[in-house]
2 protein chains.
Amino acid sequence: MGERFPSPAEQTRSALVRAGLVLFGRKGFEGASTRELAALAKANIGSIAYHFGGKEGLHLACADFIVDTIGKIARPALADVAALPPADAEAGLKHAVERIVSFFVASPEIGDFAQFILREMSLPSPAFDRLYSGVFAPTHTQLCSIWERATGEAAESEETRIRMFMLIGQVVYFRIARAAVQRRMGWSDIGPQQAQAIAGVALANLSAVLASRKGKDHP
Amino acid sequence: MGERFPSPAEQTRSALVRAGLVLFGRKGFEGASTRELAALAKANIGSIAYHFGGKEGLHLACADFIVDTIGKIARPALADVAALPPADAEAGLKHAVERIVSFFVASPEIGDFAQFILREMSLPSPAFDRLYSGVFAPTHTQLCSIWERATGEAAESEETRIRMFMLIGQVVYFRIARAAVQRRMGWSDIGPQQAQAIAGVALANLSAVLASRKGKDHP
DNA sequence: GTCTATAAACAGATAGAC
DNA sequence: GTCTATCTGTTTATAGAC
């Protein structure tokens, strides 16, 4: 790890993890066979057992890769917003929503990540623990504290936590229900253009909710 | 079909479909084996081929069962709301959201349906077509027209269609991300009590959005 | 570390007895 | 219609050559 020129072994490991992200995400753990995985990674079948101890080991390594990658991208971005003075928190919150849309809904590279994560959510396997504590919990917690800065409502109240799930859910749903959305909307793809339309409505909703919370007491 | 006392053959068919709903939803098409399916249905392995032509035939039959069941429950309920005079449409819309929460998020019987549907959404198979045209499209279309009655905004505008996806998504997400939600919220289950908390926030959001749309022109 | 050959378990489909 | 035995192919894991 951390070497300037990755050794052949690390290249193989990395190729297998990338293949795992694609195939596990697309077809599920049982649906992806070790042969497919090795073929996509241009590695041999035995390398999975050698490097990861077996199919399940590769699956866990994929989860760790997602945690690392999201940790490097999303976490610092949200941390910046969370550090804004309350006066700017509302604008920061809106910016965060835009980022979530373009990152999670439209970006094609993240597609396999997203499917992998969603699969773990609806059918938690041992890999779920790592995703929850590495991605899910910190992201949601940070969003809650941004909300507190923007509205004055307690970050860890039940209502705020539910509300932040909805904020995420209404957007992430476009990735989850992608096939149905595309048909119903007549979209041949969900790219930057469609993401803009989605973000527009999401931001309008957010503004409406924020406006409705103003003028209420927060004892 | 339609007989007073179901024949043994129909009991077997029905048991296999029920097992299919559970196992396909829980483990995916590849993840569920014909042996497990037959065992759960207390039928023999050969009966799958006999009654449905094979594993995929059973899968399609499960999709048809969902379409029929939802069609009998959700469709007429939404149709009633869609028939309300515009003055009552807003209340009807809120009632519809409450129904969606308790039906889709909290009811345990629907859990396997939901997982089956969600699985087809993220990885469409031949069964997806039936679910889309039998459940998804009619439900979404009806929701859009209810929205039009409540707000005067065109049911089939891009904005309305996106907004209705968000209305559904923010709620359905609690089913999709159930495992993560339970951990983060400290809920040991998502039952009627939790559904009420979810519906409360969803309705507050809806009211806020409706309020923000008032006083705008709809040329 | 890479790659191949093989083992042992498992899959879905089918033929035929009842 | 039900159920069992079996066929054929595929799966993961592993042993060992290089």
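Scroll up for the structure.
Now for a quick tour of the structure. A quick note: this is a predicted structure, and the numbers were derived from the prediction, not measured. All residue numbers refer to position in the chain's written sequence, counted from 1. Starting at A for chains and at 1 for ligands, labels are handed out in the order in which the entities are written. Only residues with pLDDT of 70 or above have their local features reported here, since the model is predicted, and side-chain atom pairs are shown and tallied only from 80 upward, although totals for entire chains, interfaces and linings are computed over all residues. Remark: hydrogens and water are excluded; side-chain values derive from all non-hydrogen atoms of the structure.

Least-squares fitting of chain A to chain B yields an RMSD of 0.1 Å, with the superposition described by an axial translation of 0.0 Å and a rotation of 180 degrees. These values place the two chain copies in the arrangement generated by a two-fold rotation axis. Across chain A, the smallest distance between a C-alpha and the rotation axis is recorded for Gln-170 of chain A, namely 2.0 Å. It only takes one pair of heavy atoms within 4.5 Å for two residues to be counted as in contact. Of all interface residues in chain A, 100% are interface residues in chain B too; the two copies therefore contact each other through one and the same surface. What sets the superposition is a least-squares fit of C-alpha atoms, and only residues with pLDDT of at least 70 in both copies go into it.

In this section: the packing of helix 8 (residues 158–176) of chain A against helix 10 (residues 192–213) of chain A. Residue and element names in this part refer to chain A. It is at 10 Å that the axes of helix 8 and helix 10 come closest, and there the two elements cross at 165 degrees. One element, helix 8, and the other, helix 10, form an angle in the roughly antiparallel class. Seen along the crossing, helix 8 lies across helix 10 with a hand that is right-handed. For the pair helix 8 and helix 10, the contacting residues are Glu-159, Arg-163, Leu-167, Gln-170, Val-171 and Phe-174 in the first and Ile-198, Ala-202, Asn-205, Leu-206, Val-209 and Arg-213 in the second. Grouping the constituent residues of the contact of helix 8 with helix 10 by class yields 7 nonpolar, 2 polar and 3 charged. Inter-axis angles, ranging from 0 to 180 degrees, are taken between N-to-C directions of lines fitted to C-alpha atoms, where helices are fitted over the stretch in contact. To qualify as a helix, a DSSP run of H or I must reach at least 4 residues; to qualify as a strand, a run of E must reach at least 2; elements of each kind are numbered from the N terminus. An angle below 35 degrees is treated as roughly parallel, one above 145 as roughly antiparallel, one from 65 to 115 as roughly perpendicular, and anything else as oblique. Should the near helix be turned counterclockwise from the far one by less than a right angle, the crossing is left-handed, whereas a clockwise turn marks it as right-handed. Only Asp, Glu, Lys and Arg are considered charged in this grouping, and only Ala, Val, Leu, Ile, Met, Phe, Trp, Tyr, Cys and Pro are considered nonpolar; every other residue, Gly among them, is considered polar.

A few words on the environment of Gly-134 of chain B. Residue and element names in this part refer to chain B. In this fold, Gly-134 is placed in helix 7 (residues 126–151). Three exposure classes are used, based on accessible area relative to the maximum for each residue type with a 1.4 Å probe and protein chains only: buried under 20%, partly exposed in between, and exposed over 50%. Here Gly-134 falls in the buried class, since its relative accessible area comes to 9%. Ignoring any residue separated from it by four or fewer positions in sequence, one finds Gly-134 in contact with Val-67 and Arg-75.

Near DNA strand D you find 14 residues, and of these Thr-34, Arg-35 and Lys-55 of chain A together with Thr-12 and His-51 of chain B are the closest. Between DNA strand D and the protein, one listed contact pairs a phosphate oxygen with a side-chain N or O atom of Asn-44 of chain B at 3.3 Å. One of the side-chain nitrogen or oxygen atoms of His-51 of chain B is found 2.7 Å away from a phosphate oxygen of DNA strand D. Of all the elements in the fold, those that place two or more residues in the surface near DNA strand D are helix 2 (34–40) of chain A together with helix 1 (8–31) and helix 3 (46–52) of chain B. Note on definitions. A residue lies near a molecule or strand when any single heavy atom of the residue is within 4 Å of it. Within 3.5 Å is the distance limit for a polar contact, defined as a pair of N or O atoms, with the added protein rule that one can donate a hydrogen and the other accept it, and that residues adjacent in sequence qualify only through two side-chain atoms.

Definition used in this section: a nonpolar core is a set of buried Ala, Val, Leu, Ile, Met, Phe, Trp, Tyr and Cys residues joined via side-chain atoms within 4.5 Å. Within the largest apolar cluster, 160 residues are counted, with the highest numbers of intra-cluster contacts made by Leu-58, Ile-66 and Tyr-173 of chain A together with Leu-58, Ile-66 and Tyr-173 of chain B. When near neighbours in sequence (up to four residues on either side) are disregarded, Tyr-173 of chain A contacts Arg-178 of chain A together with Met-121, Phe-136, Phe-165, Ile-168, Gly-169, Val-172 and Ile-176 of chain B.

Around DNA strand C lies a shell of 13 residues, among which Thr-12 and His-51 of chain A together with Thr-34, Arg-35 and Lys-55 of chain B are the nearest. Each atom of DNA strand C within 4 Å of the protein was classed as base or backbone; sugar and phosphate made up 61%. Within the contact set of DNA strand C, a phosphate oxygen lies 2.7 Å away from a side-chain nitrogen or oxygen of His-51 of chain A. At 3.4 Å, a side-chain N or O of Ser-33 of chain B approaches a phosphate oxygen of DNA strand C. Elements with a minimum of two residues in the surface near DNA strand C: helix 1 (8–31) and helix 3 (46–52) of chain A together with helix 2 (34–40) of chain B. Of the residues belonging to the surface near DNA strand C, the class tally is 5 nonpolar, 6 polar and 2 charged.

For the rest of this paragraph, the subject is the environment of Ala-82 of chain B. Residues and elements named next belong to chain B. Its location among the elements puts Ala-82 in helix 4 (residues 55–82). Owing to a relative accessible area of 16%, Ala-82 belongs among the buried residues under this scheme. Distance in space between the C-alpha atoms of Ala-82 and Leu-143 is 7.8 Å, their sequence separation being 61 residues. Apart from residues lying up to four places away in sequence, Ala-82 is in contact with Gln-142, Ser-145, Ile-146 and Arg-149.

Moving on to the pattern of salt bridges. All names here are of chain A. The salt bridge definition used is simple: a Lys or Arg side-chain nitrogen within 4 Å of an Asp or Glu carboxyl oxygen. The final tally for this structure, using the stated rule, is 18 salt bridges over all chains. Between Glu-159 and Arg-163 there is a salt bridge, with the nearest N and O atoms lying 2.6 Å from each other. Residue Glu-159 and its partner Arg-163 are located together in helix 8, separated by 4 residues, close to a single helical turn. Judged by its relative accessible area of 35%, Glu-159 falls in the partly exposed class.

Any link to function would need more than the numbers given here.
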